[in-house]
There are 2 protein chains.
Amino acid sequence: MFEICILGTNSAVPAFGRHPTAQMLTHMGTSFLLDCGEGTQLQAARYGQRLRKLEAIFITHLHGDHVLGLVGILTTLSLGGRPLPLTLVGPVGIRAFVEYGLAQTYSTVRYPIEFVELDNPQPGQEVYRGKRMMVSALPLSHRVPTVGYLFTEIPARQRFLFYEAKRLGVPKEKMGLLKLGNPVTLEDGFTVLPEQVLAAPDPPRRYAFCTDTGFLPELAGHIAGVDLLYHESTFLQDQEQRARDTFHSTAADAARIARQAGVGKLLLGHYSARYKELQPFLDEARRVFPHTELALEGQLISIPLNRAE
Amino acid sequence: MFEICILGTNSAVPAFGRHPTAQMLTHMGTSFLLDCGEGTQLQAARYGQRLRKLEAIFITHLHGDHVLGLVGILTTLSLGGRPLPLTLVGPVGIRAFVEYGLAQTYSTVRYPIEFVELDNPQPGQEVYRGKRMMVSALPLSHRVPTVGYLFTEIPARQRFLFYEAKRLGVPKEKMGLLKLGNPVTLEDGFTVLPEQVLAAPDPPRRYAFCTDTGFLPELAGHIAGVDLLYHESTFLQDQEQRARDTFHSTAADAARIARQAGVGKLLLGHYSARYKELQPFLDEARRVFPHTELALEGQLISIPLNRAE
């Protein structure tokens, strides 16, 4: 399972029932929170996202609509009795923001928080490694230090093709040896090689989370071929100059990056409060890159396995 | 119009769709925000509460469930182009909380904020005076410095009884003199005194907002006879010891204060996340003080005029 739950889709000022940025990524029983705007813990509860398996939080930048839910969610985890450590990755300043926020609200967090503060990270620089997920930095172009994140599955071991081994006549007690990569000679003298019964692992799935950013052509090179790209699209082309001035993107900008990078699917979000209707975002982007969807709150987006065979 | 809109009713950890504390008080075209837990601006939008006429914000204490929505709402007001100054009343530390929060999220607020920091305020001490509303302090008993607020209408001028003046034969051109408090002699030599045509102003309506607090008997003396009392009731009596230990109240505690103070109506709120059902709060309180209601999110509670005659 590799699933994104959209918790917030709006930019700075909440509007039309849309909340500030947050997403929950669930992967093989572990979850990650991507940005944490005001109300994220309430949105997570509304959409049935449990916080218990939360392993790390990734913050793109310190604008309020990406961090104001952080102190609340950290406190709630503590009041809920969380014992497990939590990793918090973000630009320099994230630690002070959390520590001041906790101290000023007389709050203590009883589990350990491991801060990973990023100071001018390089594209592709590893910023987190879990058991099954590696996360690297995607520096973005915004008014304040901002970093997107590329989530890459760590390949599982090779898959053992049980029925193929059985067909070749391997007795059960010798299957363990084969699984571990040893050749096995059968009673009839025939030898089965491990490569005959071990399939290559599934190619790792990848998700790129890119918000907030102005149009940044070199980003495409760092996310080439990802399965899913979330790219902010605060504005439509009618506000292109405003997008440039505020270091945000239009839907067409996001689609150009997606096309250039040859991604599997593009997901738009971070809509400005000036737009009530979202269909124009989809129309504008699809003219450039057809495999585009709108991020909508409560939505679940799965990335299916890329089976090798 | 003297109306409260309930925006949040839960204590520390949001649960069962209930949000942290916030209320909007609207009085004669002006509004006041009472506490500002995470998500307050989203709740205000959900329940159609406009922020444009917001004149002042009153914070009881700096626990996260009462202040974490503050930086978001202040920023949103600025992005919305607010020019008017805003008064922010709260315990010492509120200014640093807001100023750090804005600075750390690279936010600026373009309208002036006037901070009123309360350092060990006395009961009844005036903390704010608007055109038609006076607000005084109600020190409470909690784990951190906490102050409730008593909202008292400033009486309007005496009401001119137009039809009574007409009945007495006062010609229109002399009514202005009477309104200003002068006696008027009619053509027939009869004199009309201002007290004959001026009614006493409506007795001021009062609302006491008391959260968070342990059972505090002396509070009753400071809120005697208020029209409406909001008193926290985090727990039921089954958790009385826990209420004592954490400086919170039970529903029965709240009702005892209401009975002792002889208030018009008691409103319960700040429910603990351990309770899904709220009816037991109402039942417990009504056994002590029948004029009790539950605060429920989205609810509007009006205080009608107490006409003198």
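Note that the structure is predicted; figures quoted are calculated from it, not measured.

Reading guide: rules and limits
Residues numbered from 1 in each chain as written. Chains lettered and ligands numbered in written order. Predicted model: local features only at pLDDT ≥ 70, side-chain atom pairs only at ≥ 80, totals over all residues. Heavy atoms only, no water. Pairing = 2+ DSSP bridges. Helix = DSSP H or I, 4+ residues; strand = E, 2+ residues; numbered from the N terminus. Axes fitted to C-alpha atoms, helices over the stretch in contact; angles between N-to-C directions. Contact = heavy atoms within 4.5 Å. Domains from an automatic or database assignment. Buried < 20%, exposed > 50% of the residue type's maximum accessible area, 1.4 Å probe, protein only. Phe/Tyr/Trp six-rings, centres within 6.5 Å; stacked < 30°, edge-to-face > 60°. Lys NZ or Arg CZ within 6 Å of the ring centre and 35° of its normal. Salt bridge = Lys/Arg side-chain N within 4 Å of Asp/Glu carboxyl O. Polar contact = N/O pair within 3.5 Å; in protein donor to acceptor, adjacent residues only side chain to side chain. Nonpolar A, V, L, I, M, F, W, Y, C, P; charged D, E, K, R; others polar.

Visitor: Outline the sheet that holds strand β15 (residues 228-232) of chain B, listing residues and values.
Guide: All names here are of chain B. The sheet built from 7 strands is open, its strands ordered β7-β8-β9-β14-β15-β16-β17 with mixed pairing. Where the open sheet ends on each side, the last strands, each with one partner, are β7 (126-129) and β17 (292-294). Looking at each pair of strands side by side, their axes are set apart by 20° on average, direction ignored. Two elements, strand β8 (residues 133-139) and strand β9 (residues 147-153), share 7 bridges in a ladder whose sense is antiparallel. Bridge pairing links M134 to T152 in β9. In this fold helix α11 (residues 279-286) packs onto β16 (265-269) and β17, with an angle of close to 170° to the strand it touches most, β17.

Visitor: Go over the domain arrangement of chain A, please, and point to the residues and values.
Guide: Taken domain by domain, chain A holds domain 1 (2-155 + 208-302) and domain 2 (159-198). Its C-alpha centre places domain 1 of chain A at a distance of 45 Å from the equivalent point of domain 2 of chain A.

Visitor: Hey, could you go over the pairing of β8(B) for me, with residue numbers and the actual values?
Guide: All names here are of chain B. For β8, the tally of buried residues reaches 6 of 7 residues, placing the bulk of the element in the interior. Bridge analysis of β7 against β8 gives 3 bridges, and the strand direction is antiparallel. Following the sheet pairing, Y128 is matched in β8 by V135.

Visitor: Could you give me a rundown of the packing of aromatic side chains, with the residues and numbers involved?
Guide: Under the counting rule described, the total for this entry stands at 23 aromatic pairs over all chains. Considering the side-chain rings of A:F32 and A:Y128, the 6.2 Å spacing of their centres and the 75° angle between planes classify their relative orientation as edge-to-face. Of the two residues, A:F32 sits in strand β3 (residues 30-36) while A:Y128 sits in strand β7 (residues 126-129), which places them 96 residues apart along the sequence. Like A:Y128, A:F32 is buried. Centroid distance A:F162 to A:Y163: 5.2 Å. Interplanar angle 85°. Geometry classified as edge-to-face. With a relative accessible area of 30%, A:F162 lands in the partly exposed category. Put simply, the rings of A:F32, A:F58, A:Y128, A:Y149, A:F151 and A:Y207 pair up and form one aromatic cluster. If you follow B:R256 out to its NZ or CZ, it ends over the ring of B:F215, 5.5 Å from the centre.

Visitor: Just give me the short version of the interface of chain A and chain B, but keep the residues and values in it.
Guide: Facing 30 residues of chain A, the contacting portion of chain B comprises 31 residues. Across the chain A-chain B interface, the total number found is 0 salt bridges. Along the contact surface separating chain A from chain B lie 6 residue pairs in polar contact (both at pLDDT 80 or more). Of all the secondary structure elements, the ones that give two or more residues to the side of chain A that touches chain B are α1 (40-46), α2 (64-67), α3 (70-79) and α4 (94-104) of chain A. Taken together, the residues of the side of chain A that touches chain B sort by class into 15 nonpolar, 12 polar and 3 charged.

Visitor: Which residues make up the sheet that holds strand β6 (residues 113-118) of chain A, and what values do they have?
Guide: Residue and element names in this part refer to chain A. Within the open sheet, the 7 strands sit side by side as β6-β5-β4-β3-β2-β1-β18. Their pairing is mixed. Both edges of this open sheet fall to β6 and β18 (300-302), since each of them pairs with a single strand only. The mean angle between the axes of side-by-side strands here comes to 20°, regardless of whether they run parallel or antiparallel. Where strand β4 (residues 54-58) lies against strand β5 (residues 86-91), 3 bridges are found, and the strand directions are parallel. Residue F58 lies in a different strand from β5, and its bridge partner there is V89. This element, α4, spans β5 and β6 of the sheet and lies at about 140° to β6.

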